[in-house]
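Chain and residue survey
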Amino acid sequence: MDLARTEVSHEGTQPVKQAVRPARTARGSAARLGLMAVPVAFFALFFAYPVAAIVARGLKIDGAWQLGRIGDVLAQSDVRHVLWFTTWQALASTGLTLLVALPGAYVFARFDFPGKQVLRAVVTVPFVLPTVVVGTAFLALVGRGGLFDELWGLRLDTTVWAILLAHVFFNYAVVVRTVGGLWSQLDPRQEEAARMLGASRTRAWRQVTLPALAPAVAAAALMVFLFTFTSFGVVQILGGPTFSTLEVEIYRQTSQVFDLSTAAVLTLVQFAAVVAVLAVHAWTVRRRETALRLVDAATTARRPRGAGQWALLAGVLGVIAVLLVLPLAVLVQRSLGAPGFGYYRALTREDGGAFLVPPIEAIGNSLQYAVAATAIAVLIGALAATALTRRDAGRFVRGFDALLMLPLGVSAVTVGFGFLIALDEPPLDLRSSWILVPLAQALVGVPFVVRTMLPVLRAVDGRLREAAAVLGASPWRVWREVDLPMVRRALLVAAGFAFAVSLGEFGATVFIARPDNPTLPVAVARLLGRPGDMNYGQAMALSTILMLVCAVALVVLERLRTDRSGEF
Amino acid sequence: MVGTLAACGSSSDDGDGSGSGGSKTVTLVSHDSWAVSKDVIAAFEKNSGYKVKVLEDGDAGQAVNKAILTKDNPQGDVFFGVDNTLLSRALDNGLFQPYEAKGSDLVLPEYRADRDKHRVTPVDTGDICVNYDKAYFGEHGLTPPKTLDDLVKPEYKDLLVTENAGSSSPGLGFLLGTAAKYGDGGWEGYWKKLKSNGVKVVDSWEQAYNEEFSGSAGGKKAKGDRPLVVSYASSPPVEVVYADPQPDSAPTGVADGTCFRQVEYAGLLSNAKNPEGGKALLDFMLSKSFQEDMPLNMFVYPVLKGAQVPEVFSKFGPQAKDPQTLDPAKIADNRDQWVKSWTSLVLK
């Protein structure tokens, strides 16, 4: 999800538009189609086809489409209530997240302070953690007996506030990375110049910085809206049974009530909403391609000066400490509840209880799945990004760019059930194959890879490729000698994010993971699903391990990020 | 990395050989509470010559729905884990084919269902009951409730937490228990009283038991403040078995007059690829060794006459003497409507 450097970094080096010569066009589009064939086939087979199959199962009765169901379902007051709540809470969550995280974006962009790299990784940890872990952690903060309760007798569980705060917790990093990433590359001298010319501080900010930032803010807001609009685990765990989003309702109708036609209608509604959000997102991304003067982020940050700046830094750190670090700290504290790391030691025992294997093996499983999922996501994502970068990419291709993001907005239960009924015949009977888990995880990983790679690839000056081609290099050689060295780091960052996202992926994995190979999040959920002190403690211990693995992966990414060699 | 992937692939190859050597593998599809001791399953594999592969499919409702969706081309041979509250959905959708497992005649008669067609085999039983936190009632000098009627009394105001009947199987079981006890004309009135007596409803058993309930290990840590929870009769022994060190007595108890009896069934899937293996597996699930192994693995009671239960189990989680029961046909006819009425009555 490194939306930060992603969509931002290319604007400074807008390649010169090339006149495409007719002779090259045919070859160009053939190459583009070739590049796109694999990602298109992948998404057709592992996303579109399964989702279409499960929707058809709900809406097609005895071979006839029951499109009248759409009207029937939408006419129900319960459904309209769910729609209203889904939209309302997503808008409120987005607003609140911007409010809380924008000062953070500024502080990360403009200030230098010890531990900044680590802190940036820490605030990203919530984003890649599974909701089952986050829900439990968050309940420990705002729930009964949580810290707020002990200090001020304040309890927020089963109120909408718990949902909103948890959404801030989850999406803080989206804003910090997307907006902060661009902010750190804006040349502060522009604002200073405006002030020298007599503009007040506010006016300089409003007329110089804000217009430059606005598209990034819009993109971040839309991503937060997308994630909160499709919120599942947070709403289910913190909201209690009275609050329901579309995603929760789709899950309930499919998984519990078994009303597939209602579920299908709701899936289509969510689909339409997500497509609309993505369309607006694609538009804002394109709008950002107006030229901005960008500078190396390393030169724009400095130590805070004056009481005001120190107070701002302290305020942001305080918010991070209370909203982001505390819930995570509670997990750690609870995992240490037994003397002598008892819960951790118990993870290595095989007791024939919740698992066929010692829970600790879930770590190995998760890592293996995540490696495979990362390999798939990077392959598919890199091919797609390369195809999308080509200058001759038309509207169809740009549409494809938005389509690649769709898996982020389609319910995991829909995809999971779709896999079950669509991928059930040879040669594609994958239902009991281990590859199913990495495939499902890769669906969620690809958008992050594409978003990370695309801007970097676009920033590669097309004239370099041209020159290499003129000198007789084959397209493969051009890619290897020109593109690869420039995108290697972006590729690593993309791989790292796909890896972290795979590690934390829960919704789809839980449908298809096998009992002898549970992943970390699945093992946590299963331990939480059983009574008894040891099970609860082990769940906390496994969550802590998962959190540490994610944190380490993200810290490594941060190092890659700031180790600049000039191409950004 | 190639090495890791290869290792990952090869470790699962043995299970996927259903194409050629498939007849030697029998696949069990179950919900995620499935558990069995290693030596017990190994003995079955040795004696029968079949290798058992298990696929777990989420919670009970989800697993049944998935099995129905894939019934034309099922993922396995035997499905385990459809209970009496969902039995009709499975049977009406043609999930199972008939097979009378060896040992069916030794099953206690009250657990047999679908007797003329033998499409399902009862495997285990358990009671959904209100659990209470012994410490809370001790400290407050209050007698724990015993019956459903007790729960609406003023001294138990704001003490009970239960699960959403629309999304949780103990929640549904508790609702069915009240419907069985008070009948079509009375259960809604009972829930109105329960609501004004401050019953709290959460979505899942995990939340109710591990977060809200003050008597469980998880709930104590989470500082749960509800000393009454809808859970299972077998929850108290679990609190003992999974505690380290093990206490002499369970920290929780069961309100015996609040119980609803659940029975779980297994069956041979309609289009099973290895029906012979499936039959052997069903026979095994009714064998004494499996039935006696279940309590400490799945925290349920055997259905077989004469099967012994471990002492910790019978001591801290005895079966209810007179649980509420409902005819599966009656459940089938009313379940959806009851859940709907319950939802608008209690949640809105």
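Residues numbered from 1 in each chain as written. Chains lettered and ligands numbered in written order. Predicted model: local features only at pLDDT ≥ 70, side-chain atom pairs only at ≥ 80, totals over all residues. Heavy atoms only, no water.

Of regular secondary structure, chain B possesses 13 helices and 11 strands. Expected size for 348 residues packed as a compact globule is a radius of gyration near 20 Å; at 21 Å, chain B falls within 12% of this value. Along the three orthogonal principal directions, the C-alpha set of chain B runs to about 65 × 45 × 45 Å. Looking at chain B as a whole, 60% of its 348 residues qualify as buried. When the 37 basic and 48 acidic side-chain charges of chain B are each reduced to a single mean position, those positions are 3 Å apart. (Helix = DSSP H or I, 4+ residues; strand = E, 2+ residues; numbered from the N terminus. Rg over C-alpha atoms; globule rule 2.2 N^0.38 Å. Buried < 20%, exposed > 50% of the residue type's maximum accessible area, 1.4 Å probe, protein only. Lys, Arg positive; Asp, Glu negative; His and termini not counted. Charge placed at Lys NZ, Arg CZ, Asp CG, Glu CD.)

When its secondary structure is counted, chain A shows 24 helices and 2 strands. Across the 568 residues in chain A, those meeting the buried criterion constitute 60%. For chain A, the exposed surface amounts to about 21,500 Å²; the carbon and sulfur share of it is 65%. (Areas by Shrake-Rupley, 256 points an atom, 1.4 Å probe, with all protein chains shown as cover.)

With that settled, consider the packing of helix α4 (residues 77-110) of chain A against helix α10 (residues 201-229) of chain A. Residues and elements named next belong to chain A. Remark: α4 packs on α10, axes separated minimally by 8 Å, with the N-to-C direction vectors making an angle of 135°. One finds that α4 runs oblique with respect to α10. For the pair α4 and α10, the sense of crossing is right-handed. Across the interface between the two elements, T86, T87, Q89, A90, L91, S93, T94, T97, L98 and L102 from α4 touch V217, A221, V224, F225, T228 and F229 from α10. Per-class residue counts for the contact of α4 with α10 are 9 nonpolar, 7 polar and no charged. (Axes fitted to C-alpha atoms, helices over the stretch in contact; angles between N-to-C directions. Parallel < 35°, antiparallel > 145°, perpendicular 65-115°, else oblique. Left-handed = near helix turned anticlockwise from the far one by under 90°. Contact = heavy atoms within 4.5 Å. Nonpolar A, V, L, I, M, F, W, Y, C, P; charged D, E, K, R; others polar.)

This next bit is on unusual backbone geometry. Of note, A:F258 is a non-glycine position whose phi angle comes to about 65°, a positive value. Counting through the fold element by element, A:F258 comes out in the loop between α12 (246-257) and α13 (260-287). Although it is not a glycine, B:D114 sits at a positive phi angle of roughly 50°. Here B:D114 is to be found in the loop between β4 (96-97) and β5 (121-133). With a relative accessible area of 16%, B:D114 lands in the buried category.

What follows deals with helix α21 (residues 475-504) of chain A. Since one α-helical turn is 3.6 residues long, residues separated by three or four positions face the same way. For α21(A), which comprises 30 residues, the first-to-last C-alpha distance of 37 Å sits more than 12% below the rise-based estimate of 44 Å (1.5 Å per residue). At A:L484, α21(A) shows its largest kink, close to 55°, and the proline A:P485 lies no more than four residues downstream. (Expected span 1.5 Å × (residues − 1). Bend = angle between axes of the 7 residues up to and from the residue.)

Turning next to the packing of aromatic side chains. Across all of its chains, the model carries 31 aromatic pairs over all chains by this definition. Geometrically, the ring pair formed by A:F42 and A:F43 is edge-to-face, given 5.5 Å between the ring centres and 75° between the ring planes. Geometrically, the ring pair formed by B:Y182 and B:Y190 is stacked, given 4.5 Å between the ring centres and 20° between the ring planes. On the basis of relative accessible area, B:Y182 is assigned to the partly exposed category, the value being 22%. We note B:K24 situated over the ring of B:Y50; from NZ or CZ to the ring centre the distance is 4.9 Å. (Phe/Tyr/Trp six-rings, centres within 6.5 Å; stacked < 30°, edge-to-face > 60°. Lys NZ or Arg CZ within 6 Å of the ring centre and 35° of its normal.)

Residues and elements named next belong to chain A. When pLDDT is averaged along chain A, the result is 80, and 86% of the positions lie at 70 or above. The least confident element of chain A is helix α1 (residues 3-8), whose mean pLDDT is 38; the most confident is α4, at 93. The low-confidence segment residues 562-568 (pLDDT under 50) makes 13 contacts with residues lying over four places distant or belonging to another chain. (pLDDT = per-residue confidence, 0-100.)

Within this structure, the stated rule accounts for 13 salt bridges over all chains. Close ionic contact of B:D127 with B:R261 constitutes a salt bridge, the shortest N to O distance being 2.7 Å. Placement of the pair is B:D127 in strand β5 and B:R261 in strand β10 (residues 260-269), with a sequence separation of 134 residues. A single salt-bridge network, built from bridges that share partners, covers A:R477, A:R480 and A:E481. (Salt bridge = Lys/Arg side-chain N within 4 Å of Asp/Glu carboxyl O.)

Time to look at a nonpolar patch on the surface. All names here are of chain A. A surface patch of nonpolar side chains, about 410 Å² in accessible area, is lined by L147, L151, W152 and L154. Counting through the fold element by element, L147 comes out in helix α7 (residues 147-152). Take L147: its relative accessible area is 31%, and that puts it in the partly exposed class. (Patch = residues over 30% accessible without salt bridge, like charges linked within 9 Å, V, L, I, M, F, W, Y side chains within 5 Å.)

Bringing the packing of helix α16 (residues 361-389) of chain A against helix α23 (residues 520-528) of chain A into the picture now. Residues and elements named next belong to chain A. Where α16 meets α23, the closest approach of the two axes is 8 Å, and the angle between their N-to-C directions is 145°. On α23, the residues touching A362, I363 and S366 of α16 are L520, P521 and A523. Looking at side-chain class alone, the contact of α16 with α23 contains 5 nonpolar, 1 polar and no charged residues.

Before going further, it helps to spend a moment on the state of the cysteines. By definition, a disulfide links two cysteine residues through a covalent bond between their sulfur atoms. Residues and elements named next belong to chain B. Tallying each qualifying case throughout the model produces 1 disulfide over all chains. Bridging C129 to C259, the disulfide has an S-S length of 2.0 Å. Measuring handedness by torsion sign, the sulfur bridge of C129 and C259 sits at about 115° and is right-handed. One end of the pair, C129, is in strand β5; the other, C259, is in the loop between β9 (252-254) and β10, and 130 residues separate them in sequence. In this structure C259 comes out as buried when scored by relative accessible area, which is 2%. (Disulfide = S-S within 2.5 Å.)

This part is about helix α18 (residues 412-422) of chain A. Within α18(A), 10 of the 11 residues are buried, leaving the element largely enclosed by the surrounding structure. Three or more residues of α18(A) are buried, namely A:V413, A:T414, A:V415, A:G416, A:F417, A:G418, A:F419, A:L420, A:I421 and A:A422.

Here we take up the side chain of B:R335. On the secondary structure map, B:R335 appears in helix α13 (residues 328-347). For B:R335, the residues in contact, after removing those within four places along its chain, are B:T85, B:L86, B:S88, B:R89 and B:L172.

Once that is clear, we can look at the pairing of strand β6 (residues 160-163) of chain B. Residues and elements named next belong to chain B. Neither face of β6 is left uncovered, since the one carrying L160 and T162 and the one carrying V161 and E163 both have all their residues buried. Direction of pairing for β6 relative to strand β8 (residues 228-232): parallel, over a ladder of 2 bridges. Each residue of the ladder has a partner; that of L160, found in β8, is L228. Pairing geometry for β6 and strand β7 (residues 200-202), over 3 bridges, is parallel. Within β7, the position partnered with E163 by the bridge is V202. (Pairing = 2+ DSSP bridges.)

Residues and elements named next belong to chain B. Summarising the element assignment, A222 is placed in the loop between α8 (217-221) and β8. A222 sits in the buried class, given a relative accessible area of 2%. For the pair A222 and E211, spaced 11 residues apart in the sequence, the C-alpha separation amounts to 5.5 Å.

Remark: a regular strand shows side chains that alternate across the two faces of the sheet. All names here are of chain B. With 6 of its 6 residues buried, strand β3 (residues 78-83) lies for the most part within the structure. Inspection of the sheet shows strand β1 (residues 25-30) paired to β3 by 3 bridges, in the parallel sense. Paired with S30 across the two strands is F80, which belongs to β3. Two elements, β3 and β10, share 5 bridges in a ladder whose sense is antiparallel. Bridging from a neighbouring strand, D83 pairs with E264 of β10.

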